[in-house]
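# Descriptive analysis of the structure
Spelled out from the first residue to the last, the chains are:
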Amino acid sequence: MSVAPEWILAFSGYDPADERRREALCTTGNGYVATRGAWAGSVAGDHHYPGTYLAGYYNRLTDRVDEVGVENESLVNLPDWLPLVVAVDDGNWLTPDNSEVLEYDLELDVRRGVATRRFRLRAGDGREVRGIERRFTSMADPHIAGQTLAVTVVGWSGRLRIGSAVRGNITNSGVERYRKLAARHLTDLSPLIADGNLLVTATTSQSRHRITVGTRTVASHNGSVRPDWSTSTDGTSVYAELTVDVTAGDVVTVEKVAAIHGSRDVGISEPQLAAQLALGNAPCFRDLLEAHVLAWSQLWRRFELALEESHDGALAALRLNNFHLLQSVSPHSIDADAGVPARGLHGEAYRGHVFWDELFVFPVLTLRTPELTRALLRYRHRRLPAARLAARQEGFPGAMYPWQSGSDGREESPRLHLNPLSGHWTEDATFRQRHVGLAVAYSMWQYVETTGDVDFLSDHGAEVIIEVARFFAHLAEYDAARDRYVIKGVVGPDEFHTSYPDRPGPGIDNNAYTNVMAVWLFGMAARALDRLPAWRRIELVESLGLRQEERNHWDELTRRMYVPFHDGVISQFEGYEQLAELDWPRYRTTYGDIRRLDRILEAEGHDVSSYQVSKQADVLMLLYLLPRRDLYSSMERLGYPLSAALIRRTVKYYLARTCHGSSLSAVVHAWGLAAFDPDRALAFLEQALHSDAGDAPHTGTTAEGIHLAAMAGSADLIQRCFTGLTTSNDVLRFGPRWPAKLGTLRMALRYRGHRLVAEVSSTAVTVTVDPGPGLAIAVRCYGHTRLLKPGDAHTWTAPG
Ligand code: BGC
């Protein structure tokens, strides 16, 4: 595999064991729907996993495990529109698994959003065909996808058969760990052949979403149209078949257009009718493709983030990552009422759930498509009632957002985890990651800071911020011995520590990340209220019953929250330093890849909770989220003055104890190191950039879905970390520590209604504002602020 320069991700040769990872990486999607890049016509098995997912289409199934009902909500794999296959005479449909593979290349054109497979296969009887299959999922019309297959007959005469289908007999079986659990989400399958088109309508068994997937095919033989398809159905799927008498060198091409609609769509009557109308009205493949490519080119203009190609494929990786980001969430997601799925719409890992990963995604979106961030934050606001209920059930006021969620905002985290290394089911207490609410509130505030969208704050954001603050204010208990407030029994972002080795009951105490971010939130909740127009503040205070004493208590918490330290570093949580040290060299030598030390240790009969081992060092997340001066001033107010030396020691301490079991870890470490060890920061940037495309071909987890936060985080490292870009108090600031090795960055940004281009190098920063209407914006760099009007440009030169 190589990420070729420019815009192409290319794989050459057929490697069945790597095919599923390639499928994930060659997914085509548009934020509304995505389809894995599986061989057209393959069925779920060891080497292939066709999957099509619609944003926000979840369904619940129940299993009985040890006589107890266990419910799981999953993003549903939908009817498969891909099958487009070829056979010689009466032989089987040719696949790379049942024939001799003479050529096989898979390529993703990231600029145009087109995936292409080229193959030459020899059937059992020695006859060869050459084929090119091409597909896209339209960025212009979110309900449309297109596919073509051109088959050339290599040196024989006889009958060539072409098959097309929409397969409805689909389950969610993409993740081996879940295979023992219920997987059949689609019911009431209703295949239909209408006007020569193939359609399958299905209903999700519990959530009762109806989905129709339909296709229209047009075939031609040496340029002449062949309409004589025969069609059939077996009760779950619909099939069409065409037989063509061919001679050597003949070319048969098929164009297939798919239309996908669901009952959550806006602006339709019902899915089947909508899909039929779409198929009836869609233009030909070429026109659809043209519109799709235009839509991508417009998106790329907004997301221009060009790096001089000086740093080991960094530019191509960056584009690939942004490409998958935009296939997972795009302007087409705005009406979907769906969140940011941690693994994209690219597979079934984590059952398509939404975690806190949006924290890494929003900074990239808000600076280019703020309306998309707004819509994704609205998804969270709509689930505020569920978060309130969750808090109430635990005896707290305010809102407790779920660690994992899907449709309606209730907690979906599994309570058992299967360790594939040992085959053991172990208790999973990661749902105690209460910090997810802090992430939701943080994102609401950041969005407002960046965009100045006070209406959003007024209508939705402030309510969420206050309710989450309320929850955390009650979670913090007064500890008289310390004369401080403490937060007990939680799990921090480092999920390896869900309990103490010698203490029954889940959770750890005083996770520094949670405590400090809660303090940040208390300050922000007060500021959010101050930012509202008086009339709205009064309304909100009334309807939330917010008392002055509560606000006083928040203020008290910003001065009296406890944060643990040891040996001159911030402790990840209270007692971290008392845990055993791991024999890192031994584990590295024995296992090589030690990213999942939790599983390795469990399989050896140990518990990772007993060791100073972090999956991702969550203390360092503070450096990612809070500008240094805000972190310093918060800690100073708490009576914990920080210093650059302490931060450095803290980064070093956790670097030595982190196994990077989460792909987010590289982003966070790069951020922590950028200020004082740029070379190591760059090494982590590289890891983040290539975390999916460079994932281990046969053993990695990309096959089950991309790691969206790491993908977006890698872009964020480039756009904000190394450029020092921040947005607060109506000023756009740059404070570059730009590594000369990265050459020059050129990036487009949208800020306060303007499109800007920023060029950043190790010696200068230039900002150019597009001409047009609008007010001037304040831009600051190297200590100098300029007001830039539309059409203005200014260069700041690095001092010294
Ligand atoms: C990470 C979490 C993340 C989740 C989904 C886990 O491995 O530890 O921080 O939210 O994956 O991406």
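Model, not experiment: these values are computed from the prediction. (Residues numbered from 1 in each chain as written. Predicted model: local features only at pLDDT ≥ 70, side-chain atom pairs only at ≥ 80, totals over all residues. Heavy atoms only, no water.)

## Re the site of the ligand
Contacts to the ligand come from Ala342, Tyr350, Phe355, Trp356, Asp357, Trp403, Glu495, Lys615, Gln616, Ser662 and Leu664. Glu495 is positioned such that a nitrogen or oxygen atom in its side chain is 2.9 Å from an oxygen atom of the ligand. With the chains in place, 93% of the 310 Å² that the ligand exposes on its own is no longer accessible. Across the shell around the ligand, the residue classes tally to six nonpolar, two polar and three charged. (Near = heavy atom within 4 Å. Polar contact = N/O pair within 3.5 Å; in protein donor to acceptor, adjacent residues only side chain to side chain. Areas by Shrake-Rupley, 256 points an atom, 1.4 Å probe, with all protein chains shown as cover. Nonpolar A, V, L, I, M, F, W, Y, C, P; charged D, E, K, R; others polar.)

## Considering the pattern of salt bridges
This structure, assessed with the given rule, holds 61 salt bridges. With its nearest N and O atoms 2.8 Å apart, the salt bridge here joins Arg470 to Glu550. Taken together, the residues span a long stretch of sequence, with Arg470 in helix H9 (residues 454-475) and Glu550 in helix H12 (residues 548-560) at a distance of 80 residues. The pair Arg470 / Glu550 is uniform in exposure class, with both members buried. One continuous salt-bridge network, built from bridges that share partners, spans Arg388, Glu463, Glu467, Arg470, Arg547, Glu549 and Glu550. (Salt bridge = Lys/Arg side-chain N within 4 Å of Asp/Glu carboxyl O. Helix = DSSP H or I, 4+ residues; strand = E, 2+ residues; numbered from the N terminus. Buried < 20%, exposed > 50% of the residue type's maximum accessible area, 1.4 Å probe, protein only.)

## Thoughts on the UniProt feature "domain: Glycoside hydrolase family 65 central catalytic" (unreviewed entry) in the protein chain
Per the UniProt record, the feature "domain: Glycoside hydrolase family 65 central catalytic" (unreviewed entry) sits at residues 319-714. From the first C-alpha to the last, residues 319-714 spans 10 Å; its make-up is 50% helix and 5% strand. (UniProt positions renumbered as here; feature names shortened; annotations may be inferred.)

## Description of the environment of Ala150
Of note, Ala150 is situated in strand E12 (residues 144-154). A C-alpha to C-alpha distance of 46 Å links Ala150 and Ser761, two positions 611 residues apart in sequence. Other than its neighbours up to four places away in sequence, Ala150 contacts Arg130, Gly131, Ile132, Val252 and Thr253. (Contact = heavy atoms within 4.5 Å.)

## Brief notes about the packing of H9 against helix H11 (residues 534-544)
Helix packing geometry: the angle between the two helix axes and the distance between the axes. The N-to-C vectors of H9 and H11 enclose an angle of 40°; their axes lie 11 Å apart at closest approach. The angle between H9 and H11 falls in the class oblique. The interaxial crossing formed by H9 with H11 has right-handed handedness. Between H9 and H11, the residues in contact are Ser458, Asp459, Ala462, Glu463, Ile466, Glu467 and Arg470 and Arg536, Leu540 and Leu544, respectively. Tallied by class, the residues present in the contact of H9 with H11 amount to four nonpolar, one polar and five charged. (Axes fitted to C-alpha atoms, helices over the stretch in contact; angles between N-to-C directions. Parallel < 35°, antiparallel > 145°, perpendicular 65-115°, else oblique. Left-handed = near helix turned anticlockwise from the far one by under 90°.)

## Quick word on unusual backbone geometry
Positive phi, close to 55°, is recorded for Asp195, a residue that is not glycine. Checked against the element boundaries, Asp195 lands in the loop between strand E14 (186-194) and strand E15 (197-204). Look at Asp195 and you get exposed, because its relative accessible area is 77%. Even without being a glycine, Tyr782 presents a positive backbone phi close to 45°.

## A word on the sheet that holds strand E31 (residues 754-760)
Ordered in space as E21-E30-E31-E32-E35, the five strands form an open sheet in which the pairing is antiparallel. At either end of the open sheet lies a strand with only one pairing partner, and these are strand E21 (305-307) and strand E35 (793-797). Between one strand axis and the next, the sheet turns through 15° on average, direction left out of account. Bridge count for E31 against strand E32 (residues 764-769) is five bridges, and the pairing is antiparallel. Note that in E32 the partner of Glu759 across the bridge is Thr766. (Pairing = 2+ DSSP bridges.)

## Here's the deal with the pairing of strand E19 (residues 238-246)
The alternating pattern of E19 places Val238, Ala240, Leu242, Val244 and Val246 on a buried face and Tyr239, Glu241, Thr243 and Asp245 on a face that is not buried. In the sheet, strand E13 (residues 158-166) pairs with E19 via nine bridges, with the strands oriented antiparallel. Bridging from a neighbouring strand, Leu160 pairs with Val244 of E19. As judged from the four bridges shared by strand E18 (residues 230-233) and E19, these two strands associate in the antiparallel manner. For Thr231, the partnering residue across the bridge sits in E19 and is Ala240. Two successive antiparallel strands, E18 and E19, enclose a turn made up of four residues, where Gly235 displays a positive phi of approximately 100°.

## Focus: the sheet that holds E13
Pairing is antiparallel across the open sheet formed by four strands, whose spatial order is E8-E13-E19-E18. Of all strands in the sheet, those bounded by a partner on one side alone are strand E8 (84-88) and E18. Pairs of neighbouring strands in the sheet enclose a mean axial angle of 25°, with direction left out of account.

## A word on the nonpolar core
Within soluble globular proteins, side chains that are nonpolar generally end up buried alongside one another. In this structure, Trp356, Phe360, Met561 and Phe734 are the most contacted members of the largest nonpolar core, which totals 169 residues. Among the elements that take part in this core, helix H10 (residues 512-531) stands out by supplying 13 residues, more than any other. Once residues lying within four places of it in the same chain are set aside, the contact partners of Phe360 are Met621, Tyr624, Leu664, Val667, Val668, Ala709, Ala712 and Gly713. Of all hydrophobic cores here, the second largest spans 47 residues; its members include Val76, Leu121, Val246 and Ile260. (Core = buried A, V, L, I, M, F, W, Y, C linked by side-chain atoms within 4.5 Å.)

## Quick look at the packing of H9 against H10
Between H9 and H10, the shortest axis-to-axis distance is 9 Å and the interhelical angle comes to 140°. It follows from the interaxial angle that H9 and H10 lie oblique. Crossing hand, H9 versus H10: left-handed. Here Val454, Leu457, Ile465, Ile466, Val468, Ala469, Phe472 and Ala473 of H9 lie close against H10, whose contacting residues are Thr514, Ala518, Leu521, Phe522, Ala525, Ala528, Leu529 and Arg531. Tallied by class, the residues present in the contact of H9 with H10 amount to 14 nonpolar, one polar and one charged.

## With respect to the UniProt feature "active site" (unreviewed entry) in the protein chain
Following the UniProt record, one finds the feature "active site" (unreviewed entry) at Glu495. As for its placement among the helices and strands, Glu495 is situated in the loop between strand E25 (484-486) and H10. Beyond its immediate chain neighbours, meaning those up to four positions away, Glu495 contacts Trp403, Thr430, Gln433 and Lys615.

## Some remarks on the side chain of Gln719
Structurally, the position occupied by Gln719 is in helix H20 (residues 708-721). A residue is classified by how much of its surface remains accessible, and Gln719, at 0% relative accessible area, is buried. Not counting residues up to four positions away in its chain, the partners in contact with Gln719 are Leu305, Pro363, Val364, Leu367, Arg368, Leu725, Met747 and Leu749.

## Some thoughts on the packing of aromatic side chains
Tallying each qualifying case throughout the model produces 26 aromatic pairs. Chaining the aromatic ring pairs together yields one cluster made of Tyr350, Phe355, Trp356, Phe360, Trp403, Tyr513, Tyr624 and Trp671. Its guanidinium or amino end placed over the ring of Phe431, Arg415 lies 3.7 Å from that ring's centre, counting from NZ or CZ. Here the guanidinium or amino end of Arg586 rests over the ring plane of Tyr587, the centre of that ring lying 4.5 Å away. (Phe/Tyr/Trp six-rings, centres within 6.5 Å; stacked < 30°, edge-to-face > 60°. Lys NZ or Arg CZ within 6 Å of the ring centre and 35° of its normal.)

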